[in-house]
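Structural characterization, general
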Amino acid sequence: MINENLYIVVPCYNEQEVLPATNTKLLSLLEELVAAQLVSPLSRVLYVDDGSTDNTWNILNEMTQSNKRVAAVKLATNAGHQNALLAGLEAALPHAHIMVSIDADLQDDCEVIKEMVEHYHSGCDVVYGVRRERKSDSWFKRSTAQAFYRTMHRLGVKSVYNHADFRLMSNRAVAQLMQYRERNLFLRGIVPLMGYRTANVYYDRSARMAGKSKYPLGKMVSFAVDGITSFSIKPVRMVFTLGLIFLFIALCMLAYVLVAYFTHRAVSGWASLILSVWFIGGCLLMSLGIVGEYIGKIYIEVKDRPRYNVEEKAGLEEENKE
Ligand code: UDP
Ligand code: MG
């Protein structure tokens, strides 16, 4: 049990204000875990500098020199939270048995990492940190975030409610994650797709310790749009359905027009006009939907995701080698 390395992966974008406090907290936590023999002494906190323009990298560099439990990776340019996270996981993969990702601002309670590791030892490959409440977020952030989760759910994207990117993953889960080669990364949607045994741990989300949120409204919206369009072709199907509805309305119109004609109430020219508007509209939307359906198929193919993830193997040659 004690020879399992834990890597805590922390993406940082212009986080000079919080880093010293974050580092102290994470290191003392790591110390505790090592002392409790939950993880090996070779465990590390791995920071990823996501192309920061402030002093972040210098601070990180210094921290790696003053403490052997700190490691850091610098990205050449700002690649975004999700990509930075992936870069960190990829860098940790050859060294770590267990990886935990957490934001640099420690809004997520790092104390529950201990509980996560315990779940890992009892056989879970993925452990989600789930927010119990969002008191510390503004009303706006809270309600937009919840609307987002709900929309995702309705569009058929599996995601864990109130879970951000605070999660534990085992080595093999991360290795499998690397097989998802798509460019539009939305980890919260992909990880639940992978399967494996999972568990949730609950915590209260606190306010950012220092510095400003790196997710202004614009980034939040594009993140949400990315999340939905990278997982669901339902919006395309909606266009098709809309076309069907329009054609149905055209049919109703036809009935109405006929009645109006025979009861001599129709204004001349109106009937043909209104019918064509609905009919052509309906046909156009339906054809768009059909074209969209094919594009949707291409889009799924292009992603080149793995078709399945093996959870366990028994009695196979490889395993019997030793
Ligand atoms: N982050 C990053 N690259 C970016 C934006 C953010 O690595 O382009 C990091 C940031 O340093 C933090 C985490 O992603 O560790 C979450 O960002 P933030 O706390 O600002 O988001 P919020 O909690 O406000 O949603
Ligand atoms: Mg934050």
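A brief structural summary. (Residues numbered from 1 in each chain as written. Chains lettered and ligands numbered in written order. Predicted model: local features only at pLDDT ≥ 70, side-chain atom pairs only at ≥ 80, totals over all residues. Heavy atoms only, no water.)

1. What about the site of ligand 1?
Close to ligand 1 lie 19 residues, the nearest being Glu15, Asp50, Asp105, Ser213 and Lys214. Within the contact set of ligand 1, an oxygen atom lies 2.8 Å away from a backbone nitrogen or oxygen of Tyr13. Contact between ligand 1 and His81: a nitrogen atom at 3.4 Å from a main-chain N or O atom of the residue. A class-by-class count of the residues in the shell around ligand 1 yields five nonpolar, five polar and nine charged. (Near = heavy atom within 4 Å. Polar contact = N/O pair within 3.5 Å; in protein donor to acceptor, adjacent residues only side chain to side chain. Nonpolar A, V, L, I, M, F, W, Y, C, P; charged D, E, K, R; others polar.)

2. Let's talk about a nonpolar patch on the surface
Together, Phe248, Leu251, Leu254, Leu258, Tyr261 and Phe262 line one region of the surface with nonpolar side chains, adding up to about 690 Å² of accessible area. One can find Leu254 in helix H9 (residues 234–262). (Patch = residues over 30% accessible without salt bridge, like charges linked within 9 Å, V, L, I, M, F, W, Y side chains within 5 Å. Areas by Shrake-Rupley, 256 points an atom, 1.4 Å probe, with all protein chains shown as cover. Salt bridge = Lys/Arg side-chain N within 4 Å of Asp/Glu carboxyl O. Helix = DSSP H or I, 4+ residues; strand = E, 2+ residues; numbered from the N terminus.)

3. Notes on helix H3 (residues 81–92)
The terminal C-alpha atoms of H3, which comprises twelve residues, lie 17 Å apart, in line with the 16 Å expected from a rise of 1.5 Å per residue. All of the buried residues in H3 are His81, Gln82, Ala84, Leu85, Leu86, Gly88, Leu89 and Ala92. (Expected span 1.5 Å × (residues − 1). Buried < 20%, exposed > 50% of the residue type's maximum accessible area, 1.4 Å probe, protein only.)

4. Details of the environment of Ser43
Examined against the element boundaries, Ser43 turns out to sit in the loop between helix H1 (19–35) and strand S2 (44–49). Residue classification places Ser43 among the buried positions, given a relative accessible area of 0%. In the structure, Ser43 is positioned 36 residues away from Tyr7 in sequence and 5.7 Å away in space, judged by C-alpha atoms. Excluding anything up to four places from it in sequence, Ser43 contacts Glu4, Asn5, Leu6, Leu30 and Arg69. At a separation of 2.9 Å, a polar atom in the side chain of Ser43 contacts the main-chain amide nitrogen of Leu6. Only 2.7 Å separates the side chain of Ser43 from the backbone oxygen of Ser40, close enough to count as a polar contact. (Contact = heavy atoms within 4.5 Å.)

5. Examining unusual backbone geometry
Positive phi values are uncommon outside glycine, yet Asn14 reaches one of about 50°. Relative to the helices and strands, Asn14 resides in the loop between strand S1 (6–12) and H1. With a phi close to 60°, Asn162 is a non-glycine residue in the positive phi region. Residue placement: Asn162 occurs in the loop between helix H5 (139–154) and strand S6 (163–170). On the basis of relative accessible area, Asn162 is assigned to the buried category, the value being 6%.

6. A look at the pattern of salt bridges
Enumeration over the complete set of coordinates arrives at seven salt bridges. Two residues, Arg69 and Glu31, come together in a salt bridge whose shortest N-O distance is 3.0 Å. Of this pair, Arg69 sits in the loop between helix H2 (56–66) and strand S3 (70–74) while Glu31 sits in helix H1; the two residues are 38 residues apart in sequence, bridging distant segments of the chain. Take Arg69: its relative accessible area is 9%, and that puts it in the buried class. Across the salt bridge formed by Arg237 and Glu293, the nearest N and O atoms sit 2.6 Å from each other.

7. Regarding the environment of Ala145
Within the fold, Ala145 resides in helix H5. Between the C-alpha atoms of Ala145 and Arg181, which are 36 residues apart in sequence, the distance is 27 Å.

8. Comments concerning the sheet that holds strand S7 (residues 198–203)
Read across the sheet, seven strands follow the order S3-S2-S1-S4-S6-S5-S7 without closing on themselves; strand pairing throughout is mixed. Since the sheet does not close on itself, it has two edges, and those belong to S3 and S7, each with one partner. Put simply, the sheet's adjacent strands are angled 20° from each other on average, direction ignored. Pairing of S2 with S3, which is carried by five bridges, proceeds in the parallel orientation. In the strand pairing of S3, Asp49 is matched with Lys74. Of the strands in this sheet, S1, S2 and S3 are in contact with H2, which crosses S3 at around 145°. Most of the contacts of helix H4 (residues 113–121) go to S6, to which it runs at about 40°, and overall it touches S1, strand S4 (98–101), strand S5 (126–131), S6 and S7. (Pairing = 2+ DSSP bridges. Axes fitted to C-alpha atoms, helices over the stretch in contact; angles between N-to-C directions.)

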